Number of protein chains: 6
Amino acid sequence: MPFVNIKVTNEGVTKEQKAQLIKGVTDLLQNVLNKDPQTTFVVIDEVDLENWGIAGMPTDEYRKLKSS
Amino acid sequence: MPFVNIKVTNEGVTKEQKAQLIKGVTDLLQNVLNKDPQTTFVVIDEVDLENWGIAGMPTDEYRKLKSS
Amino acid sequence: MPFVNIKVTNEGVTKEQKAQLIKGVTDLLQNVLNKDPQTTFVVIDEVDLENWGIAGMPTDEYRKLKSS
Amino acid sequence: MPFVNIKVTNEGVTKEQKAQLIKGVTDLLQNVLNKDPQTTFVVIDEVDLENWGIAGMPTDEYRKLKSS
Amino acid sequence: MPFVNIKVTNEGVTKEQKAQLIKGVTDLLQNVLNKDPQTTFVVIDEVDLENWGIAGMPTDEYRKLKSS
Amino acid sequence: MPFVNIKVTNEGVTKEQKAQLIKGVTDLLQNVLNKDPQTTFVVIDEVDLENWGIAGMPTDEYRKLKSS
């Protein structure tokens, strides 16, 4: 009965992509650990860019720096 | 000083129901483990149906399948 | 299909007390939100005292201060 | 490669304050544990007052009680 | 820069299986959302059976009931 | 009443370093958001190297690759 929490930045992830993530993770747990999909939960959190930090700064600032 | 995180699907949980969950969990921790309510935190996360997966699919799809 | 995570300090919580917490939280979610116990997960984390901080210090230090 | 999750009540935290939290936590992990900022993630969750419980009640109720 | 937390019961997951989970989830996020593996973190938590509840009881009790 | 969860790899973090992390994060939240230390919780999780993945592989493998 695994529980998986996926946190990604909030940038227009579509309903279809979410369904693919849910399916993919559930299959993976069944294949690797023989876990029953019926008791596998997946929760996706979408985090606003200004709430996600990397390298000591918010993600949008980080990206500007990387691409400059 | 317990910390409790409750994740439920986002389907119109009322303010009163949230207060009942908070009260119930806090009482439980006091009764079972003698924890001080003053330092018991409860955080409720409401998760959109398309962000919650079970049985390899989003919750709304899963429910349709179960009820069909 | 709720998911509940309970974090408490690691101080000899017995197997029976854990069972009471699991039962109590599951009942609460059924009573307040009509959630199906079959798809209610509860995960208990026991956290060592030196890994839990309150008021800017580890819990054991905090307790000494409070009781002195 | 630390991962830090900060949960605070949702009360108008500004973008600048979030940047200060991200910077401060990342610096702290570099200073205390010599962690590389490039692989330090910080995620800030803003939790509505009615979803955060303390002392067995939602935060807004708790504050009224404290200030009364 | 996704962060994924996988919680499974603590039942002898091997180092190789953990590596497969990490690889599988990272590939999935690259394929579905084009996320850079260099900034994809995966953390696996192994939870003791008595600390994981389902259907209102600890997992070991639940399994006995299901198989009886 | 913030709650902060710090996840780091399990590599001999000392009790003193943990105290510094707790103190540092609590001070930060007081300075930036005026949060009361009395109701600021910090929980540190130490994660085994084989349970932490980055770039699609466990941390120890990743480090060998980086240093080779």
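Residues numbered from 1 in each chain as written. Chains lettered and ligands numbered in written order. Predicted model: local features only at pLDDT ≥ 70, side-chain atom pairs only at ≥ 80, totals over all residues. Heavy atoms only, no water.

Q: In this structure, what is going on with the interface of chain A and chain E? I would like to understand it.
A: Bring the parts together and some accessible area is lost; that lost area is often taken as the interface size. Counting residues at the interface gives 25 residues for chain A and 25 residues for chain E. Summed over both sides, the interface between chain A and chain E buries roughly 2,200 Å², with carbon and sulfur atoms accounting for 76% of that surface. Taken together, the connections running from chain A to chain E amount to two salt bridges. Between E:Lys35 and A:Glu11 there is a salt bridge; the shortest N-O distance is 3.9 Å. Elements that contribute at least two residues to the side of chain A that touches chain E include exactly strand E1 (3-9), helix H1 (15-33) and strand E3 (52-54) of chain A. Looking at the side of chain A that touches chain E residue by residue, the classes come out as 15 nonpolar, seven polar and three charged. (Contact = heavy atoms within 4.5 Å. Buried area = accessible area lost by both parts, 1.4 Å probe. Salt bridge = Lys/Arg side-chain N within 4 Å of Asp/Glu carboxyl O. Helix = DSSP H or I, 4+ residues; strand = E, 2+ residues; numbered from the N terminus. Nonpolar A, V, L, I, M, F, W, Y, C, P; charged D, E, K, R; others polar.)

Q: I tried to follow the interface of chain F and chain D on my own but got confused; where do I start?
A: Taken together, the contacts link 25 residues of chain F with 26 residues of chain D. Taking both sides of the interface into account, the surface hidden between chain F and chain D amounts to around 2,200 Å²; carbon and sulfur atoms contribute 75%. Counting the contacts that link chain F with chain D gives two salt bridges. Counting the contacts that link chain F with chain D gives seven residue pairs in polar contact (both at pLDDT 80 or more). Within the residue set of the side of chain F that touches chain D, elements represented by two or more residues are strand E1 (3-9), helix H1 (15-33) and strand E3 (52-54) of chain F. (Polar contact = N/O pair within 3.5 Å; in protein donor to acceptor, adjacent residues only side chain to side chain.)

Q: Looking at this model, I keep getting lost on the relation of the copies chain A and chain E. Mind explaining?
A: For the pair of chain copies, the relating transformation is a rotation about an axis with a translation along it. When chain A is fitted to chain E, the best match, at an RMSD of 0.0 Å, comes from turning it 180° and sliding it 0.0 Å along the axis. The symmetry that links the two subunits is that of a two-fold axis. By C-alpha distance to the rotation axis, the residue of chain A lying nearest is A:Asn5, at 2.6 Å. (Least-squares fit on C-alpha atoms with pLDDT ≥ 70 in both.)

Q: Looking at this structure, I do not really get the relation of the copies chain F and chain D. What am I missing?
A: Superposing chain F onto chain D requires a rotation of 180° together with a translation of 0.0 Å along the rotation axis, leaving an RMSD of 0.0 Å. Residue by residue, 100% of the interface of chain F is reproduced at the interface of chain D, so both copies engage with the same surface.

Q: What's the story with the sheet that holds strand E2 (residues 41-47) of chain D in this structure? I'm lost.
A: The strands that make up a sheet are held in pairs by hydrogen bonds between backbone atoms, and each pair lies either parallel or antiparallel. Strand order in the open sheet formed by eight strands is E4(A)-E3(A)-E2(D)-E1(D)-E1(F)-E2(F)-E3(C)-E4(C), with mixed pairing between adjacent strands. What marks the edges here is a single partner per strand, and that holds for strand E4 (57-58) of chain A together with strand E4 (57-58) of chain C. (Pairing = 2+ DSSP bridges.)

Q: Just to check I follow, could you spell out the sheet that holds E3(F) for this structure?
A: Spatially, eight strands are ordered E4(B)-E3(B)-E2(A)-E1(A)-E1(E)-E2(E)-E3(F)-E4(F) in an open sheet, and the strand pairing comes out mixed. On the outer flanks of this sheet lie strand E4 (57-58) of chain B together with strand E4 (57-58) of chain F, each paired with one strand and no other. Across seven bridges, the pairing between E1(A) and strand E2 (residues 41-47) of chain A is parallel. Along E2(A), the bridge assignment pairs A:Phe3 with A:Phe41.

Q: It is not clear to me how helix H1 (residues 15-33) of chain C should be interpreted in this structure. Could you clarify?
A: Because the α-helix completes a turn every 3.6 residues, residues three or four places apart line up on one side. With 19 residues, H1(C) extends 27 Å between its outermost C-alpha atoms, agreeing within 8% with the 27 Å of an ideal straight helix rising 1.5 Å per residue. Of all the positions in H1(C), only C:Lys18, C:Leu21, C:Ile22, C:Val25, C:Thr26, C:Leu28, C:Leu29, C:Val32 and C:Leu33 are classed as buried. What you see down the axis of H1(C) is that its buried residues fit within an arc of 155°, all on one side. Along H1(C), the residues that are exposed and aim more than 90 degrees away from the buried face are C:Glu16 and C:Asn31. Where H1(C) is buried, its residues meet strand E1 (3-9) and helix H1 (15-33) of chain B, strand E1 (3-9) and strand E2 (41-47) of chain C together with strand E3 (52-54) and strand E4 (57-58) of chain E. A positive backbone phi angle near 60° is found at C:Asn34, which sits one or two residues after H1(C). (Expected span 1.5 Å × (residues − 1). Buried < 20%, exposed > 50% of the residue type's maximum accessible area, 1.4 Å probe, protein only. Arc of directions from axis to C-beta.)

Purely geometric numbers; function is a separate question.
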